[in-house]
Structure formats: structure tokens, C-alpha cells
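Structural description and commentary
Listed below are the residues making up each chain.
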Amino acid sequence: QLARIQTDSVVEMLRELYPDLHFEIVAMSTTGDKILDTALSKIGEKSLFTKELENALERNEVDLVVHSLKDLPTSLPLGFTIGAVCKRENPLDAVVFHPKNCGKTLSLLPEKSVIGTSSLRRAAQLKKKFPHLEFRDIRGNLNTRLKKLDEKEDFSAIILAAAGLRRMGWENRIGQLLSPEDCLYAVGQGALAVEVRAKDQEILNMVSALHDADTVLRCIAERAFMKRLEGGCSVPVAVNTVLKDGQLYLTGAVYSLDGSDSLKETMQTSVHYPQQNEDGPNDDVQRVGITAKNVPGQAQEAAENLGVELASLLLSKGAKHILSVARQLNDA
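Residues numbered from 1 in each chain as written. Predicted model: local features only at pLDDT ≥ 70, side-chain atom pairs only at ≥ 80, totals over all residues. Heavy atoms only, no water.

Bringing the domain arrangement of the protein into the picture now. Taken domain by domain, the protein holds domain 1 (1–90 + 187–331) and domain 2 (93–177). Here domain 1 and domain 2 have C-alpha centroids that lie 25 Å from each other. Each partner contributes residues to the interface: domain 1 has 33 residues there, and domain 2 has 22 residues. Counting across the domain 1 and domain 2 interface gives one salt bridge. (Domains from an automatic or database assignment. Contact = heavy atoms within 4.5 Å. Salt bridge = Lys/Arg side-chain N within 4 Å of Asp/Glu carboxyl O.)

Mapped onto the elements of the fold, asparagine 240 is located in strand E9 (residues 237–244). The residues contacting asparagine 240, other than those within four sequence positions of it, are Pro180, Leu184, Tyr185, Tyr249, Leu250 and Thr251. (Helix = DSSP H or I, 4+ residues; strand = E, 2+ residues; numbered from the N terminus.)

A few words now on helix H5 (residues 120–129). Across the 10 residues of H5, seven count as buried, placing the element largely inside the fold. Regarding H5, the residues found buried are Leu120, Arg121, Arg122, Ala123, Ala124, Gln125 and Leu126. (Buried < 20%, exposed > 50% of the residue type's maximum accessible area, 1.4 Å probe, protein only.)

What follows concerns the nonpolar core. Leu69, Ile82, Phe225, Leu229, Val237 and Val254 are the most contacted members of the largest nonpolar core, which totals 44 residues. Sort the elements by how many residues they give to this core and helix H9 (residues 213–229) lands first, with nine residues. Not counting chain neighbours up to four residues away, the residues in contact with leucine 69 comprise Ile82, Val85, Gly188, Ala191, Leu192, Ala193, Cys219 and Arg223. Among the nonpolar cores identified, the runner-up in size contains 16 residues, and Val10, Val194, Ile203 and Leu204 belong to it. (Core = buried A, V, L, I, M, F, W, Y, C linked by side-chain atoms within 4.5 Å.)

Another point: the sheet that holds strand E10 (residues 247–255). Ordered in space as E9-E10-E11, the three strands form an open sheet in which the pairing is antiparallel. Two strands lie at the open edges of the sheet, namely E9 and strand E11 (262–270), each paired on one side alone. Averaged over all adjacent pairs, the angle separating strand axes in this sheet is 15°, with direction ignored. The pairing of E10 with E11 spans nine bridges and is classified as antiparallel. Each residue of the ladder has a partner; that of tyrosine 255, found in E11, is serine 262. The strands touched by H9 within the sheet are E9 and E10, with E9 carrying the most contacts at an inclination of about 150°. Contacting E9, E10 and E11, helix H11 (residues 319–331) runs over the sheet at an angle of about 50° to E10. (Pairing = 2+ DSSP bridges. Axes fitted to C-alpha atoms, helices over the stretch in contact; angles between N-to-C directions.)

The strand order across the open sheet built from three strands is E1-E8-E2, with neighbouring strands paired in antiparallel fashion. Each edge of the open sheet carries a strand with a single partner, namely strand E1 (65–68) and strand E2 (80–85). Ignoring which end each strand starts from, the neighbouring axes of this sheet average 40° apart. Two strands pair when backbone bridges link them, and E1 and strand E8 (residues 192–197) are joined in this way by four bridges, in the antiparallel orientation. Opposite valine 66, over in E8, you have valine 194 as the bridge partner. Against the sheet, helix H1 (residues 2–17) makes contact with E1 and E8, and its axis sits at roughly 125° relative to E1, the strand it touches most. The strands touched by helix H4 (residues 51–58) are E1, E2 and E8; relative to E8, the strand with the most contacts, the crossing angle is about 40°.

Below, the structure written as C-alpha cells:
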């Protein structure tokens, strides 16, 4: 349902821009939708929610695919690119409480209350912050997870992305928004990406009108940070970005699975560059899988460098060890 709402919202924007074009929506299931009894971090398949869709794109059965950006790996398969990153919805994590805990916050829940999340990133940060709580895996789409929460007594609360709840019109279920001080969010969280064939200039030009420049720069920095760390679903990597007065601030962190060991730093860079008319081959430079024709190239480069430099700083302080231990423990 959420995937459908997200796709509809992108098609709606395209219809407004191109009233003469006809858009047809094709619904599909992916491996990630079908394997619901295993934690995402244990499946180990990078393109869990994207492979089937990319196959359809490759066979020209569809021309564009709408994803949650956080589901897309930092390196896309050859021949594909993210042609648009739409304006970001609130990227923060949200707590949805069991009806009996209505009006509470995480800190007010009783000792040993069980919190559901399938994200190692959320669990690692919140275990450290709220040691009196227990964290357990919960899988399934939004509807399934909320049903599990409401109809059983297994969970006192679950953690979800605020963006998904808002898109579904369930904002009233958000009992607590977790600030970046409580919980840094996932790379790309809250942003929608439109994936297209990299060589399909016509489609690429069409969807590039949907790019939101601020979101593009923030997400390039976040994805570059993750790529340099070689992070993915199976390790706790988290970020927070702010773009203000031409300055891009990136906070990035890595955690051990139990949150006891962590590294966190913030860096900034200027992304205040005018758009230049760059003719020729520069047009289609992909940065961490994103082709953003209408965002100044120098600004994109600065954002990418920021992510790489911040990751390099954390690696120089021992991030590799924290992540490899987390990966081994998770695999075990």
C-alpha cells in the first residue's frame, strides 16, 4: 500500500508537469515483500526490494521505478541511474505505542518493555539510550506491523520511519518523534527515488524536473558516507544532514550491535555554487547512483566529498573494527 501511495504521488507530479503524457502503473512484488519471517539484516541480499523491478526496467516493460531511496544500494547495477530524488518527507524515526501505552514516551515505559524494530541502526542507538528496554525483530509492511502491535501483547511500541506513516495518512499514530540526539536516521530516509535506464535521455530529462536540489545534495553526502564505509543493511550506520545558508552539515555515526561502542562526528562544506550550463558529457555524471542534471555539478561534488571525508575520518578512528565486529555478530 505504501509503495503504491509513493508511486501515485510521483505519477501525480509528472502528470502536472506533462499533462499530455499517459502514465500507466504496473504493480509488482519483490523478494523483500515475500520473505517476511527473516530479519532484513540476515537475508544479506543487497537488492532485496529492487531486483525484480530493475529486471522489468531492463526489459523495457516499465520506464521508471519508484523506490524509497533508503532501499537503493549506493552502487546501482550497470545501465541504471536514479534520475530524480523528490523533496524529502520528514526523515526522523517515530515511535508508535501499543494502545495501552498511549501518551507515554520511551523513557516512561516500564522496565523490560519490548520494542519492535527490524533495524540494527535503530536498536543499537536506542539500546544505549534506553537500557531498560528490550528490542526485538518485527517484519512486514506498515499495515502488518501496526496490526501485530495493536492486536497482540508482544510489543509495547514499535519504531517506524515517520515518512511512511505520514504518507499513509497515519500521522496520528506517532506517539513520539525521535530527535537526531536520540536516534540518527538511515541514509536517504524519507526521500523517494525514481530509477530509470541510464541511456534513456528522454525519460531522464523528463523525470529530472522532479529533483529537489536540497534533498539531492543531502542524500549524495549521506550515500557517499555509507559507500566509503561499505555499510548496508547488516551494519548500524546512521546520519543526520542539515542544509542552511549554503552550508551542508553532515553528522555520521557507526555503532556496535548493542550500541556500547560508537563513533560519531560532524563535518560541513559549502555547497553554494551557481548552476552552470555544462554542455557535453558532464551532464550525465553519476554520483553514488544519482544523475542530477539540474543541480550544480560543483555542489554535488562538494556534497560527495563531504561524505567521503567524514567516513574516512571515522575509519581513521577505528570504524572498520566496530563495523566488522557488528557484521560478524549479525551473521552469527
